[in-house]
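# Notes for the structure review
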Amino acid sequence: MNWNGKNILITGANGFVGSYLAKELLDAGAEVYGFIRPEDMAAMEKNLIDKGIKDKLIMLEGDLTDITSLASAFDASQPDYLFHLAAQSFVELSFRRPLETQHINCIGTANLLEAARVKDMDTKMIFAGSSEEYGMVLSSEEQYHSALKDGKTIFPEPTAIPELPVKESNPLRPMSPYAVSKVYGDLLMQNYHHSFGMDTVVSRAFNHEGAGRGIMFVTSVITNQIMKLKHQETDRILIGNLNAFRDWSHVNDIIQGYLLLAAKGKSGEAYNQGSMRTNSVLSYILLGLDKAGWNINSIETINGDKNVDNPVEINKDPIFGVKFDKTRVDQIMLEEGLEYTIQDKGINVNTDQGKVVIEFNPDRFRPAEVPMILSDNQKIQKIGGKIQYSLSDVIEDQLNYFDLKENRV
Ligand SMILES: C[C@H]1O[C@H](OP(=O)(O)OP(=O)(O)OC[C@H]2O[C@@H](n3cnc4c(=O)[nH]c(N)nc43)[C@H](O)[C@@H]2O)[C@@H](O)[C@@H](O)C1=O
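Residues numbered from 1 in each chain as written. Predicted model: local features only at pLDDT ≥ 70, side-chain atom pairs only at ≥ 80, totals over all residues.

## Here's the deal with the overall build of the chain
Scanning the chain from N- to C-terminus turns up 13 helices and 18 strands. For the chain, the C-alpha radius of gyration of 21 Å lies close to 22 Å, the compact-globule estimate for 409 residues. Taking the principal axes of its C-alpha atoms as reference, the chain extends roughly 65 × 50 × 40 Å. Buried residues in the chain amount to 49% of all 409 residues. (Helix = DSSP H or I, 4+ residues; strand = E, 2+ residues; numbered from the N terminus. Rg over C-alpha atoms; globule rule 2.2 N^0.38 Å. Buried ≥ 20, exposed ≤ 12 C-beta atoms within 10 Å, placed from the backbone.)

## Some remarks on the domain arrangement of the chain
For the chain, the domain assignment lists domain 1 (7-213 + 249-277 + 372-390) and domain 2 (214-248 + 278-371 + 391-409). Distance from the C-alpha centre of domain 1 to the C-alpha centre of domain 2: 27 Å. Each side of the interface is counted separately: domain 1 has 31 residues, and domain 2 has 28 residues. At the level of secondary structure, the elements contributing two or more residues to the side of domain 1 that touches domain 2 comprise helix 4 (91-96) and strand 10 (249-250). When grouped by side-chain class, the residues that make up the side of domain 1 that touches domain 2 number 14 nonpolar, 12 polar and five charged. (Domains from an automatic or database assignment. Contact = placed C-beta atoms within 7 Å. Nonpolar A, V, L, I, M, F, W, Y, C, P; charged D, E, K, R; others polar.)

## With respect to the site of the ligand
Taken together, 21 residues are adjacent to the ligand, and Ser89, Ser130, Val218, Gly240 and Ala244 come closest. Residues that form the shell around the ligand fall into these classes: nine nonpolar, six polar and six charged. (Near = placed C-beta within 6 Å.)

## Side note on the environment of leucine 93
Note on placement: leucine 93 falls in helix 4. For the pair leucine 93 and serine 176, spaced 83 residues apart in sequence, the C-alpha separation works out to 9.8 Å.

## Some details on the sheet that holds strand 5 (residues 124-130)
In sheet architecture, strand pairing relies on hydrogen bonds along the backbone and comes in two forms, parallel and antiparallel. The strand order across the open sheet built from seven strands is 3-2-1-4-5-6-11, with neighbouring strands paired in parallel fashion. Among the strands making up the open sheet, the edge pair consists of strand 3 (58-61) and strand 11 (270-273). Each adjacent strand pair in this sheet contributes to an overall mean axis angle of 20°, direction not counted. The sheet contact formed by strand 6 (residues 200-205) and strand 11 spans four bridges and is parallel. (Pairing = 2+ DSSP bridges. Axes fitted to C-alpha atoms, helices over the stretch in contact; angles between N-to-C directions.)

## Quick notes on the UniProt feature "domain: NAD-dependent epimerase/dehydratase" (unreviewed entry) in the chain
The UniProt record marks residues 8-272 with the feature "domain: NAD-dependent epimerase/dehydratase" (unreviewed entry), using the residue numbering of this structure. The span residues 8-272 shows a helical share of 45% and a strand share of 17%, and its end C-alpha atoms are spaced 23 Å apart. (UniProt positions renumbered as here; feature names shortened; annotations may be inferred.)

## A look at helix 6 (residues 141-149)
Counting buried positions over the nine residues of helix 6 gives zero, only a small fraction of the element. Immediately downstream of helix 6, the backbone of glycine 151 shows phi near 85°, a positive value.

## Section: the nonpolar core
In terms of nonpolar packing, the biggest core is built from 77 residues, with Ile10, Leu21, Phe35 and Ile373 touching the most fellow members. Looking at which domains feed residues into this core, each of domain 1 (7-213 + 249-277 + 372-390) and domain 2 (214-248 + 278-371 + 391-409) supplies at least three. Setting aside anything within four residues of it in sequence, one finds phenylalanine 35 in contact with Leu9, Ile10, Thr11, Ala13, Leu60, Gly62, Ala73 and Ala86. The next biggest cluster of nonpolar side chains, apart from the first, holds 37 residues, and it includes Val221, Ile239, Val356 and Phe402. (Core = buried A, V, L, I, M, F, W, Y, C linked by C-beta atoms within 7 Å.)

## Details of the sheet that holds strand 17 (residues 346-351)
The five strands lie next to each other as 8-18-17-13-14, forming an open sheet whose pairing is mixed. Each end of this open sheet is capped by a strand with a single partner; those strands are strand 8 (236-239) and strand 14 (307-309). Across this sheet, the average inter-strand angle for adjacent strands is 20°, counted without regard to direction. Seen against the sheet, helix 10 (residues 281-291) touches strand 8, strand 13 (296-301), strand 17 and strand 18 (354-360) and runs at an angle of roughly 145° to strand 13.

## Description of the packing of helix 10 against helix 13 (residues 391-403)
With their axes 10 Å apart at the nearest point, helix 10 and helix 13 run at an angle of 65° to one another. Put simply, helix 10 runs roughly perpendicular to helix 13. For the pair helix 10 and helix 13, the crossing hand works out as right-handed. Contact residues: helix 10 offers Tyr284, Leu287, Gly288 and Lys291, while helix 13 offers Ser392, Ile395, Glu396 and Leu399. Considered class by class, the residues forming the contact of helix 10 with helix 13 number four nonpolar, two polar and two charged. (Parallel < 35°, antiparallel > 145°, perpendicular 65-115°, else oblique. Left-handed = near helix turned anticlockwise from the far one by under 90°.)

Next comes the structure, spelled out in structure tokens:
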């Protein structure tokens, strides 16, 4: 795809992902417009400065909740392609501010589509959906029955268990106000294709990380603290739920996926974007410590007796029929059901360089949580999608970022 001279509009161009995408498109010769909330400009300027694009991006001030500003942005940019990335994207915040989340993510997306429809724009739109839309994906019969026993509902019912790796055709069972808002945007994008013939494609990206990832997200929470430990600015790692498994990619792979969907994605369709790997939050910490120079021998709970020797030893056995690198502790969590609870208080990591304390902070546990997610990315692979970065590359990029004092928080 030749981006040279193309007009591109990116909502949220000053965000973590938006700024990577804007840089890539500017480098390829596109005319890139960023639709940006004035109040976010100062707070998120660093993303643009770090990438050297602050003066190259054409800023259009506006707000997704104000349809007039969207209409003006379409007039000013006349986009060939639009990437709709702006959102309230923090799952935890959506439990505390559900209405704000729905307002920005649902009404904002509806406004965007309506502005494009009323103005009869001939723009191909790529929507940033999310793996969170799948929500409760069933990994075992045991999980299914224990959810029912706890009084939860599972709707739609699974046709087969396990549902991992998760395909685009899997039922959507969102578990947070954020996830519900993304289902809304996803289905509305598809609907505007089917109802009005608009050129819309949905990306359902799984977690994607890298240098500059917002400090509230767990991978930055972890790598920031590891670098603070290394530079003796703290004496422990504070964390919430360690048991969650996420499919982590590097943001650059997801950016390439967005460009591919713009070039080759079929209108009205949704595509997973993920790495086909899944690793626990605990492993992200342990692999981060290992990479930052700690030689880990074993881990043990602060309260209780859960011990694992050689927890970061790499295991390559297939799980859910997929082969990827996982740690020994992940394998034990997946196969033997090892789980850490608030009662455990935390984990002591025994290393050649002494003990590192990981302490649980009960305030960081969520009212509802997606326990595990793993993508099936074959659909995007068929049009050329590739994952180039390993999990180790992703962690290294974030550690290098926080190694710089000015980036640590
Ligand atoms: C695909 C999807 O990806 C992201 O959503 P997320 O998976 O919720 O990402 P996160 O980094 O906030 O949490 C990951 C896991 O980590 C656990 N966790 C433990 N301790 C802390 C902690 O201290 N902070 C945070 N944030 N999480 C913690 C937390 O409970 C959760 O299980 C967004 O980009 C979203 O926009 C999106 O679409």
